[in-house]
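If you want the building blocks of each chain, they are given just below.
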Amino acid sequence: LSDRISLHRRLPERWNPLCREMKYDYYSLPKTSVVIAFYNEAWSTLLRTVHSVLETSPDILLEEVILVDDYSDKEHLKETLENYVASLRKVRLIRANKREGLVRARLLGASVAKGDILTFLDCHCECHEGWLEPLLARIAEEETAVVCPVIDVIDWNTFEYLGNAGEPQIGGFDWRLVFTWHSTPEREQKRRKSKTDVIRSPTMAGGLFSVSKKYFDYLGSYDTGMEVWGGENLEFSFRIWQCGGSLEIHPCSHVGHVFPKQAPYSRSKALANSVRAAEVWMDEYKQLYYHRNPHARLVNVTERRLLREKLKCKDFKWFLENVYPELHV
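Residues numbered from 1 in each chain as written. Predicted model: local features only at pLDDT ≥ 70, side-chain atom pairs only at ≥ 80, totals over all residues. Heavy atoms only, no water.

Per an unreviewed UniProt entry, the recorded name for the chain is GLT12 acetylgalactosaminyltransferase, and the organism is Myiagra hebetior. The Pathway (unreviewed entry) comment attached to the chain in UniProt states, word for word, "Protein modification; protein glycosylation." (UniProt positions renumbered as here; feature names shortened; annotations may be inferred.)

Peer 1: How would you summarise the pattern of salt bridges if you had to cite specific residues and measurements?
Peer 2: Summed over all chains, the structure comprises 28 salt bridges. As a salt-bridge pair, Glu 186 and Lys 190 come within 3.3 Å of each other at their nearest N and O atoms. Here Lys 190 and Glu 186 lie together in helix 5 (residues 186–191), a separation of four residues that amounts to about one turn. Look at Glu 186 and you get exposed, because its relative accessible area is 55%. With its nearest N and O atoms 3.0 Å apart, the salt bridge here joins Arg 308 to Asp 283. Of this pair, Arg 308 sits in helix 10 (residues 302–310) while Asp 283 sits in the loop between helix 8 (270–281) and helix 9 (286–292), and the two are 25 residues apart along the sequence. Residue classification places Asp 283 among the partly exposed residues on the basis of a relative accessible area of 25%. (Salt bridge = Lys/Arg side-chain N within 4 Å of Asp/Glu carboxyl O. Helix = DSSP H or I, 4+ residues; strand = E, 2+ residues; numbered from the N terminus. Buried < 20%, exposed > 50% of the residue type's maximum accessible area, 1.4 Å probe, protein only.)

Peer 1: Residue-level account of the pairing of strand 11 (residues 209–212), with values.
Peer 2: Because side chains alternate across strand 11, one face comprises the buried residues Phe 209 and Val 211, and the other comprises Ser 210 and Ser 212, equally buried. Where strand 4 (residues 117–121) lies against strand 11, four bridges are found, and the strand directions are antiparallel. Residue pairing for strand 11: Ile 117 is matched across the bridge by Ser 212. (Pairing = 2+ DSSP bridges.)

Peer 1: Give a detailed account of the nonpolar core, specifying residues and quantitative values.
Peer 2: Formed by 57 residues in total, the largest nonpolar core has its most connected members in Phe 173, Leu 177, Phe 209, Phe 216, Phe 238, Phe 316 and Phe 319. Discounting chain neighbours no more than four positions away, the residues touching Phe 209 are Arg 106, Leu 118, Thr 119, Phe 120, Val 146, Val 147, Cys 148, Pro 149, Met 204, Tyr 222 and Phe 236. Counting residues in hydrophobic clusters, the runner-up holds 33 residues, among them Leu 29, Phe 38, Val 85 and Ile 139. (Core = buried A, V, L, I, M, F, W, Y, C linked by side-chain atoms within 4.5 Å. Contact = heavy atoms within 4.5 Å.)

Peer 1: Give a detailed account of the state of the cysteines, specifying residues and quantitative values.
Peer 2: Applying the stated criterion across every chain yields a total of two disulfides. Covalently, Cys 19 is tied to Cys 252 through a disulfide, its sulfur atoms 2.1 Å apart. Between Cys 19 and Cys 252 the disulfide shows an S-S torsion of about -75 degrees. By sign, it is left-handed. Placement of the pair is Cys 19 in the segment before strand 1 (32–38) and Cys 252 in strand 12 (residues 246–258), with a sequence separation of 233 residues. With a relative accessible area of 9%, Cys 19 lands in the buried category. On the basis of relative accessibility, which here comes to 3%, the residue Cys 252 falls in the buried class. (Disulfide = S-S within 2.5 Å.)

Peer 1: Please provide a residue-by-residue account of a nonpolar patch on the surface, values included.
Peer 2: A contiguous nonpolar patch, built from Tyr 26, Tyr 27 and Ile 60 and spanning about 340 Å² of accessible area, is present on the exposed surface. Ile 60 gets classed as partly exposed once you look at its relative accessible area, which sits at 31%. (Patch = residues over 30% accessible without salt bridge, like charges linked within 9 Å, V, L, I, M, F, W, Y side chains within 5 Å. Areas by Shrake-Rupley, 256 points an atom, 1.4 Å probe, with all protein chains shown as cover.)

Peer 1: Requested: an account of the packing of helix 1 (residues 43–56) against helix 2 (residues 79–86), with residues and values cited.
Peer 2: When two helices pack together, their arrangement is given by the angle between their axes and by how far apart the axes lie. At their nearest, the axes of helix 1 and helix 2 sit 13 Å apart, and the two run at 20 degrees to each other. Comparing their axes, helix 2 and helix 1 come out roughly parallel. The chirality of how helix 1 crosses helix 2 is right-handed. Contacts between helix 1 and helix 2 involve Trp 43, Leu 46, Leu 47 and His 51 from the former and Thr 80, Leu 81 and Tyr 84 from the latter. A breakdown of the residues in the contact of helix 1 with helix 2 according to their chemical character gives five nonpolar, two polar and no charged. (Axes fitted to C-alpha atoms, helices over the stretch in contact; angles between N-to-C directions. Parallel < 35°, antiparallel > 145°, perpendicular 65-115°, else oblique. Left-handed = near helix turned anticlockwise from the far one by under 90°. Nonpolar A, V, L, I, M, F, W, Y, C, P; charged D, E, K, R; others polar.)

Peer 1: A description of the side chain of Asp 152 should follow, citing residues and the corresponding values.
Peer 2: Counting through the fold element by element, Asp 152 comes out in strand 6 (residues 145–154). Residue class for Asp 152 comes out buried when judged on its relative accessible area of 0%. Among the polar contacts listed, one links the side chain of Asp 152 to the side chain of His 128, at a separation of 3.2 Å. (Polar contact = N/O pair within 3.5 Å; in protein donor to acceptor, adjacent residues only side chain to side chain.)

Peer 1: So what's going on with the packing of aromatic side chains? Residues and values would help.
Peer 2: Within this structure, the stated rule accounts for 22 aromatic pairs. Relative to Tyr 26, the ring of Tyr 24 lies with its centre 6.3 Å away and its plane at 75 degrees, an arrangement referred to as edge-to-face. Measuring from centroid to centroid gives 5.8 Å for Tyr 222 and Phe 236, while their planes differ by 50 degrees, and the two rings are tilted. Of this pair, Tyr 222 sits in the loop between helix 6 (213–218) and helix 7 (232–242) while Phe 236 sits in helix 7, and the two are 14 residues apart along the sequence. The burial state of Tyr 222 is the same as that of Phe 236; both residues are buried. Among the aromatic residues, ring-to-ring pairing joins Phe 173, Trp 175, Phe 238, Tyr 285, Phe 316, Phe 319 and Tyr 324 into one connected group. One residue, Arg 99, lies across the ring of Tyr 39, its end atom 3.6 Å from the ring centre. (Phe/Tyr/Trp six-rings, centres within 6.5 Å; stacked < 30°, edge-to-face > 60°. Lys NZ or Arg CZ within 6 Å of the ring centre and 35° of its normal.)

Peer 1: Please provide a residue-by-residue account of the packing of helix 8 against helix 10, values included.
Peer 2: Across the interface, helix 8 lies against helix 10 with an axial gap of 9 Å and an inter-helix angle of 40 degrees. By the angle between their axes, helix 8 is oblique relative to helix 10. Between helix 8 and helix 10 lies a crossing of right-handed hand. Where helix 8 approaches helix 10, its residues Arg 276, Glu 279, Val 280 and Trp 281 are matched on the opposing element by Arg 304, Arg 305 and Arg 308.

In structure tokens:
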């Protein structure tokens, strides 16, 4: 079905008209490198992602699109893809020499990026017109802000754009360290002066966000001890908040996303990844995590604990009281 849909389709607009009225000084905004890691992705979903970035991003703001192949073995992702990408402006393809997993594949892309801002996208996305400007403008205003678009749903079975009704949701988690979605709390609604203001979110889903390259490096980028996929989004969320940054969702930036029935990456390593997050960032609250995950085993996180000390990060109690008071302890 995806193969029968145009690689150049436009998603319908269904959000706040106030966003249309926002004005940007394009010459003063930073440029971004868009990093898209993939493993054995279908041809049409991968290329629809690439074309939607190229066709909805103002040329002046898009430094490049970096496709990172995490050692795919599907035939269409070899020479055929190379030839196709060679004909596209601003797109380059780099390949891992072995399976690295999502975290390290993304870092491979980040390491060669030339833009001031890194924008990470999953490989089955479709961007809306106007998705990029709000993300870059917010980071230009506040370099320590890590900003996510609103993730709109594209139906896995029909590829119909379902959108995202009402107020965007924010990210949370439970004590098993499983990511959850929630409605925006009242305290946050009161803090915002306008419907176009960013919404602070305790955690992020992890697939789609923009961050200053300089700030990403300062924060210690991704934890390379994390394998494949799962848990890295919560670890990075805790680190952003506890080490002086802010994690936000911009209501004027919308990106459609296909939520596959089955993830292309195995989640067998997600437990070990979550242990790393708990051990480095959660202090005494990690006992609540271990109580719910009796199979979890201790891992060596000395290097990341040193990073936390070096950055003089706040404790997890501060995070719970100031960023996520809604979570029942």
